[in-house]
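Read off the chains here:
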Amino acid sequence: METDCRRTEGARPLPAGTRLLHIGPHKTGTTSIQGALFAAKDAMAAHGVAFPAATRHPMEAVLAVCARPGMMGNTRPTDKHWDRLVAQVDATGDRTSVISSEFFADAADDEIVARVVRELGGERVHVLVTLRPLVKIMPSQWQQYVQNGLRMGYEDWLDHMLRKAPYEKPNPSFWRRHRHDRLVERWARVVGRDNLMVVVVDDRDRGGLMRTFETLLGLPADLLREVPDTANRSLTLAETEMLRKLNVEFRGHELPEELYSRLIRYGAIMHMKNTCAPSKDEARIVTPPWAVEAAAAVGAEITERIGAMGVRVIGDPALLSAVARPAAAPTLPAPAGPPRVSAEAAAQALYGALAAAADAPVRHTAPVKARTVQQTSSKDLVKVIGGRALRRLRRH
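This section reports on the structure supplied with the text. (Residues numbered from 1 in each chain as written. Predicted model: local features only at pLDDT ≥ 70, side-chain atom pairs only at ≥ 80, totals over all residues. Heavy atoms only, no water.)

When its secondary structure is counted, the chain shows 15 helices and seven strands. Looking at the chain as a whole, 47% of its 396 residues are labelled buried. Taking as baseline every contact in the chain between residues at least 6 positions apart, the subset at least 24 positions apart corresponds to 82%. (Helix = DSSP H or I, 4+ residues; strand = E, 2+ residues; numbered from the N terminus. Buried < 20%, exposed > 50% of the residue type's maximum accessible area, 1.4 Å probe, protein only. Contact = heavy atoms within 4.5 Å.)

Laid out in structure tokens, this is it:
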């Protein structure tokens, strides 16, 4: 397919003093590049490039400016988080600086985008969008939504996202992030096409994204290196299904969302990720052929529309519409039933939840109405236990 995009064979250094804004979207190498930039911030400073954020990923600041609530059960970010990041960027003065957050892709309208660009430097801001094929994004994004409370199975979720107009339930954020042509168009309207570039990530070239950032920022080769991050690994199919079923129980018993954040996300799941490496023969999240074809068709529309915008494209846009199915898995015995999480992973998840609860020691016990356990329904009993745990967490 012919397009009029200004495709380049490689990146070119940006003007000195640029404020490079990497807006993701999700599942396009953002965590990897954020870890590399943060780890190299002192080395980058020696070459005149600032990483102004105090953490690897200034998520709270970006959620606040984009008017997003954040993860289920977390404290809602406020403008003070955004104001702090703006002050840190201002403090870099005339130096080149770089900020990366996939949550910038959640900016829903031109007004929010214009505020972000204006407050981070106006004409000095250059926007970088990293893209991968939808067929590779969808399974990762589904399991990430499950980690935030989603109860819907993968094929049912795909059916909603690809077949049920207006394609907004159960996750309206998905197409706001991943209708990539509209994302590029939204930001290009504000910064101009000359100040926006698209990088098509090629998964066959593991170091390619690092080299692109080095060139854009005028850094020496190999300064940016991937930092291992077990906490960011994707869940296996069995682990995701275990969590999804836990989400069903959690919602069914109407427990406080703060408990989910503390005990499940940052307790059970985080500990399991950090301690359990999936084996190579673990069942994977597999996208059915009909969804692969549908995602490739959307990818072709995205490629054509981005091409017509005239923004600079680094990499091969054809990758975004390729019907690329995962490589065949090793021949294994047919599974006897649904995927089952390993005993080790289940034990580590349970321990993580218990350890998170133990971080909030009991200081006093609230009076309890005179009613025996036998007189209490299981649903009410779970609510009582959940409420007590939440009060203890808050006192801590």
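With that settled, consider helix H1 (residues 30-39). Within H1, seven of the 10 residues are buried, which leaves it mostly tucked inside the rest of the structure. Here H1 has its buried residues at Thr 30, Thr 31, Ile 33, Gln 34, Gly 35, Ala 36 and Leu 37. Looking at the packing, one finds that the buried side of H1 touches strand E2 (19-22), helix H2 (41-45), strand E4 (96-100) and helix H10 (208-217).

Right, let's get into the side chain of Gln 141. If you trace the backbone, Gln 141 turns up in helix H6 (residues 134-146). Take Gln 141: its relative accessible area is 1%, and that puts it in the buried class. Filtering out sequence-adjacent residues up to four positions away, Gln 141 remains in contact with His 26, Lys 27, Phe 174, Arg 177 and His 178.

If a residue is not glycine, its phi is most likely negative; likewise, a peptide bond is most likely trans. The omega torsion of the bond from Gly 24 to Pro 25 falls at 10°, within 30 degrees of zero and hence cis. Inspection of the secondary structure assignment puts Pro 25 in the loop between E2 and H1. A cis geometry characterises the amide bond from Ala 165 onward to Pro 166, with omega recorded as 5°. Structurally, Pro 166 is set in the loop between helix H7 (154-163) and helix H8 (173-178). With phi around 55°, Glu 254 is a residue other than glycine that occupies positive phi space.

A few words on the packing of aromatic side chains. Evaluated as defined, the whole model comprises nine aromatic pairs. Geometrically, the ring pair formed by Trp 142 and Tyr 154 is tilted, given 5.1 Å between the ring centres and 40° between the ring planes. Here Trp 142, found in helix H6, pairs with Tyr 154, found in helix H7; they are 12 residues apart in sequence, far enough to count as distant. Under the relative-accessibility criterion, Tyr 154 is labelled buried at 7%. Ring centres 6.1 Å apart and planes at 50° place the aromatic pair Tyr 145 and Trp 157 in the tilted group. Remark: Trp 157 occurs in helix H7 and Tyr 145 occurs in helix H6; sequence separation between them is 12 residues. As far as burial versus exposure is concerned, Tyr 145 and Trp 157 are alike and both buried. Among the aromatic residues, those joined into a cluster by ring pairs are Trp 142, Tyr 145, Tyr 154, Trp 157, Phe 174 and Trp 175. (Phe/Tyr/Trp six-rings, centres within 6.5 Å; stacked < 30°, edge-to-face > 60°.)

Quick look at the packing of H7 against helix H13 (residues 289-309) now. Taken N-terminus to C-terminus, the directions of H7 and H13 make an angle of 30°; their axes are 11 Å apart at the nearest point. In terms of orientation, H7 lies roughly parallel with respect to H13. Pair H7 / H13 crosses with left-handed handedness. In contact with Glu 155, Leu 158, Asp 159, Leu 162 and Arg 163 of H7, H13 contributes Trp 290, Ala 291 and Ala 294. (Axes fitted to C-alpha atoms, helices over the stretch in contact; angles between N-to-C directions. Parallel < 35°, antiparallel > 145°, perpendicular 65-115°, else oblique. Left-handed = near helix turned anticlockwise from the far one by under 90°.)

Below, the discussion takes up the packing of helix H4 (residues 79-90) against helix H5 (residues 110-120). The relative placement of two packed helices comes down to the angle between their axes together with the axis-to-axis distance. In contact at an axis separation of 9 Å, H4 and H5 are set at 40° when each is read in the N-to-C sense. Between H4 and H5, the interaxial angle falls into the category oblique. Each of Asp 79, Trp 82, Asp 83, Val 86, Val 89 and Asp 90 in H4 lies in contact with H5, whose residues at this interface are Arg 115, Val 116, Glu 119 and Leu 120. When the residues that make up the contact of H4 with H5 are grouped by side-chain class, the tally is five nonpolar, no polar and five charged. (Nonpolar A, V, L, I, M, F, W, Y, C, P; charged D, E, K, R; others polar.)

Moving on, we come to the nonpolar core. Counting 103 residues, the largest nonpolar core has Leu 21, Phe 104, Trp 157, Trp 187, Leu 196, Val 198 and Phe 213 as the members making the most contacts within it. Setting aside chain neighbours within four positions, we find Phe 104 in contact with Leu 21, His 22, Ile 23, Val 62, Cys 66, Trp 82, Ile 99, Val 116, Leu 120 and Trp 187. (Core = buried A, V, L, I, M, F, W, Y, C linked by side-chain atoms within 4.5 Å.)

The next subject is H5. Regarding H5, the residues found buried are Ile 112, Val 113, Val 116, Val 117 and Leu 120. Projected down its long axis, H5 shows its buried positions confined to an angular sector of 130°, all on one face. Of the exposed residues in H5, those oriented more than 90 degrees away from the buried face are Glu 111 and Arg 118. In this structure Asp 109 caps H5, since a side-chain oxygen of it lies 3.1 Å from the backbone nitrogen of Glu 111. A positive phi of about 140° marks Gly 121, the residue just after H5. (Arc of directions from axis to C-beta. Polar contact = N/O pair within 3.5 Å; in protein donor to acceptor, adjacent residues only side chain to side chain.)

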